Amino acid sequence: MNSFELTGRKALVTGGARGIGAATAEALAHAGASVMIGDVLEAEGKATADAIAKTGATAGFVKLDVTDEADWEAAIATTIAELGGLDVLVNNAGILTASLIIDTDPADIRRLNDINVVGTLLGLKHGLRAMRPGGAAANGGSIVNLSSGAALIAYPATAGYSATKSAVDRITRIAAQESGKLGYGVRVNCVYPGFIGTSMAFGLAADMARLGLSDSAEAALNEVVGSTPLGRLGEVDDVANAIVFLASDASQFVTGAGLPVDGGLGI
Ligand SMILES: NC(=O)c1ccc[n+]([C@@H]2O[C@H](COP(=O)([O-])OP(=O)(O)OC[C@H]3O[C@@H](n4cnc5c(N)ncnc54)[C@H](O)[C@@H]3O)[C@@H](O)[C@H]2O)c1
């Protein structure tokens, strides 16, 4: 038996319309899972789900703003109704707003916290309720949260973002404790991606130049690559593959862990 296989598993990926979330939905489907993409981007999310369905997998889209509790209730219910259960939840939706600390805008920090922290906590709340014994899915499973290398290293202009991703790191461990001790049958882990080639990372590189922290966006990216032992930027599939591992039985004795996927940047 291939323990990385996810045949018969049902997965919900938040922020799955594009970037790491889309690659994760594709990788989970490739490993055999049925997938539901939850995102605020309806057209992009549906297009990503359609592309996955064309490969022969079961894939759907549900509108989900992770900050909205009613949306979470509906998204979990829709996933269970359409896929026939819920075994894997990937709390991937997130935003990054870059700023120097001297220019901190409280509205930006509150928005970062709302999506990255409150959104992840609501996902854990409703995912665990559904997956634990007596829940609407009641089959246990695996939840993977997207923390960040920003929780491991100090990167300038990301104070607010870094704080939210450090919170996701801590929340992951507490969720694993509660789930394990209370017999929910759900493992909870997180990943720490380094610089992964998506609009978020390229936007941050441009911000580094805008804020006078690097000569240009290209120079900022080169600095990251220069500090990365494996000598390149990350790709979305690098993160997606790590998430498949944490979602699968190959990691069945792993919970409360954080897995760097950063080419060694955070060492
Ligand atoms: N790209 C990187 O270098 C990197 C590094 C470390 C961590 N991460 C984390 O990985 C995750 C994905 O990042 P990405 O690079 O793919 O970013 P991205 O901006 O390409 O994609 C983020 C997705 O989240 C969705 N989203 C945003 N707010 C939402 C909300 N309120 N409800 C539902 N969906 C929402 C967006 O619509 C989008 O589809 C994020 O949590 C990010 O913090 C990314």
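Look up a bit, the structure's there.
What counts and what doesn't
Every chain is numbered on its own, with residues counted from 1 as its sequence reads. Reporting of local features is limited, given that this is a predicted model, to residues whose pLDDT is at least 70; pairs of side-chain atoms are given and counted only at 80 or more, and all residues count toward the totals for whole chains, interfaces and linings. Values shown for side chains rest on all heavy atoms present in the structure; no hydrogens or waters enter the calculation. Simply put, an axis is a line fit to the C-alpha atoms, just over the touching stretch for a helix, and the angle between two N-to-C directions goes from 0 to 180 degrees. The secondary structure listing takes helices from DSSP runs of H or I that are at least 4 residues long and strands from runs of E that are at least 2 residues long, numbered from the N terminus. Working rule for angles: under 35 degrees goes down as roughly parallel, over 145 as roughly antiparallel, 65 to 115 as roughly perpendicular, anything else as oblique. Note: crossing handedness is left-handed where the near helix turns anticlockwise from the far helix by less than a right angle, and right-handed where it turns clockwise. We call two residues in contact when some of their heavy atoms are within 4.5 Å. Both cavities and pockets are sets of points on a 1 Å grid over the protein atoms alone; in a cavity a 1.4 Å probe fits but cannot get out, in a pocket the set is open with protein on both sides within 12 Å along at least five of seven lines, and lining residues sit with an atom within 4 Å of a point. Grid points are joined across faces, edges and corners, and a volume is the space filled by probe spheres set on the points. Each residue gets one of three labels, nonpolar for Ala, Val, Leu, Ile, Met, Phe, Trp, Tyr, Cys and Pro, charged for Asp, Glu, Lys and Arg, and polar for the others, Gly among them. Partly exposed describes any residue whose relative accessible area lies between the buried limit of under 20% and the exposed limit of over 50%, with all areas from a 1.4 Å probe on protein chains only and scaled to the type maximum.

S.K.: An account of the packing of helix α1 (residues 19-30) against helix α8 (residues 236-247) is requested, with residue identities and associated values reported.
M.R.: Running from N to C, α1 and α8 cross one another at 50°; their axes reach a closest spacing of 8 Å. As judged from the angle between their axes, α1 and α8 are oblique. Both α1 and α8 take part in a crossing whose hand is right-handed. On α8, the residues that touch Gly19, Ile20, Ala23, Thr24, Ala27 and Leu28 of α1 are Val236, Asp237, Val239, Ala240, Ile243, Val244 and Ala247.

S.K.: With reference to specific residues and values, describe the layout of surface pockets.
M.R.: If you add up the space inside the largest pocket, you get close to 850 Å³. Every residue lining the largest pocket is counted, 39 residues in all, and those nearest its centre are Asn92, Gly94, Ile95, Leu96 and Met200. Listing elements by their share of the lining of the largest pocket, those giving two or more residues are α1, β2 (34-39), α4 (106-131), α5 (159-181) and α6 (199-210). Per-element accounting of the lining of the largest pocket gives the leading share, 4 residues, to α6. Of the residues that constitute the lining of the largest pocket, the class distribution is 21 nonpolar, 13 polar and 5 charged. Estimated volume of the second largest pocket: approximately 190 Å³. Taken together, 14 residues make up the lining of the second largest pocket; nearest its centre are Arg232, Gly234, Asp238, Asp262 and Gly263. Of the residues that constitute the lining of the second largest pocket, the class distribution is 7 nonpolar, 4 polar and 3 charged.

S.K.: Break down unusual backbone geometry for me, with residues and values.
M.R.: A positive phi angle is found at alanine 138, which is not glycine, with a value near 55°. Within the secondary structure, alanine 138 is located in the loop between α4 and β5 (141-146). Taking the relative accessible area as the measure of exposure, alanine 138 reaches 38% and is therefore partly exposed. Notably, alanine 157 is not glycine yet its phi reads approximately 75°, a positive angle. The residue alanine 157 is located in the loop between β5 and α5 in this model.

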